[in-house]
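As a plain string of letters, each chain reads:
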Amino acid sequence: MSHPAAPARPTTTHGYTWADVRDTPVAELSLGDVFLMPAPGLHYLVDPDRTVRGGGLWEQPLEAAVYRVTARTDTHITQVDHDGHTHIAAVPTGRAHVLRVTPEAVRRQHHP
């Protein structure tokens, strides 16, 4: 019997900063995109240009789980987390958003 992988645990060791991510509707994710799912309770502010910054009374570190889109259909996204576990999720309807990592930041992480 196979069991789905547990959701990745949020971390701050991924190396991405607030400047590296943009607020993005899940429906806009594409094959190869890297995105972050913020930790529960993490507050951030979204500017009109989709840039984000830590919110609340002080700027919090960007604690999040990291995923890469490995397959995409109109209804489902397959993603691999930073621990190497594969997850398949239905594309949510409505206004679900994630923090997509900019291509420049992804390149910087993989080619310092």
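Residues numbered from 1 in each chain as written. Predicted model: local features only at pLDDT ≥ 70, side-chain atom pairs only at ≥ 80, totals over all residues. Heavy atoms only, no water.

Peer 1: In this structure, what is going on with the overall build of the chain? I would like to understand it.
Peer 2: Helix and strand counts for the chain come out as 1 helix and 8 strands. Of the regular secondary structure in the chain, the N- to C-terminal order runs β-β-β-β-β-β-β-β-α. A compact globule built from 112 residues would reach a C-alpha radius of gyration of about 13 Å, and the chain, at 14 Å, matches this within 12%. Per-residue burial over the chain gives 37% buried out of 112 residues. Nonlocal contacts in the chain, meaning residues at least 24 apart in sequence, comprise 67% of its contacts between residues at least 6 apart. Summed over all atoms, the accessible surface of the chain reaches about 7,100 Å², with 56% contributed by carbon and sulfur. For the chain, the separation between the mean place of its 10 positive charges and that of its 12 negative charges on side chains is 2 Å. (Helix = DSSP H or I, 4+ residues; strand = E, 2+ residues; numbered from the N terminus. Rg over C-alpha atoms; globule rule 2.2 N^0.38 Å. Buried < 20%, exposed > 50% of the residue type's maximum accessible area, 1.4 Å probe, protein only. Contact = heavy atoms within 4.5 Å. Areas by Shrake-Rupley, 256 points an atom, 1.4 Å probe, with all protein chains shown as cover. Lys, Arg positive; Asp, Glu negative; His and termini not counted. Charge placed at Lys NZ, Arg CZ, Asp CG, Glu CD.)

Peer 1: What is the right way to read the side chain of Asp33 from this model?
Peer 2: Along the chain, the position of Asp33 falls in the loop between β1 (21–25) and β2 (34–38). Reaching out from Asp33, the side chain makes a polar contact with the side chain of Arg100 at a distance of 3.1 Å. If we skip the residues at most four places from it in the chain, Asp33 touches Glu28, Tyr67, Arg68, Val69 and Arg100. (Polar contact = N/O pair within 3.5 Å; in protein donor to acceptor, adjacent residues only side chain to side chain.)

Peer 1: Would you mind going over the environment of Ile88 with me for this structure?
Peer 2: With respect to the helices, strands and loops of the structure, Ile88 is situated in strand β7 (residues 86–90). Among all residues touching Ile88, those that are not within four sequence positions of it are His76, Ile77 and Thr78.

Peer 1: Whenever I open this one, the environment of Gly55 confuses me. Can you help?
Peer 2: With respect to the element layout, Gly55 can be found in the loop between β4 (52–54) and β5 (64–72). The class for Gly55 is buried, based on a relative accessible area of 1%. On a C-alpha basis, the gap between Gly55 and Leu45 in space is 5.5 Å, while along the polypeptide they are 10 residues apart. Leaving out residues up to four positions away in the same chain, Gly55 has contacts with His43, Tyr44, Leu45 and Gln60.

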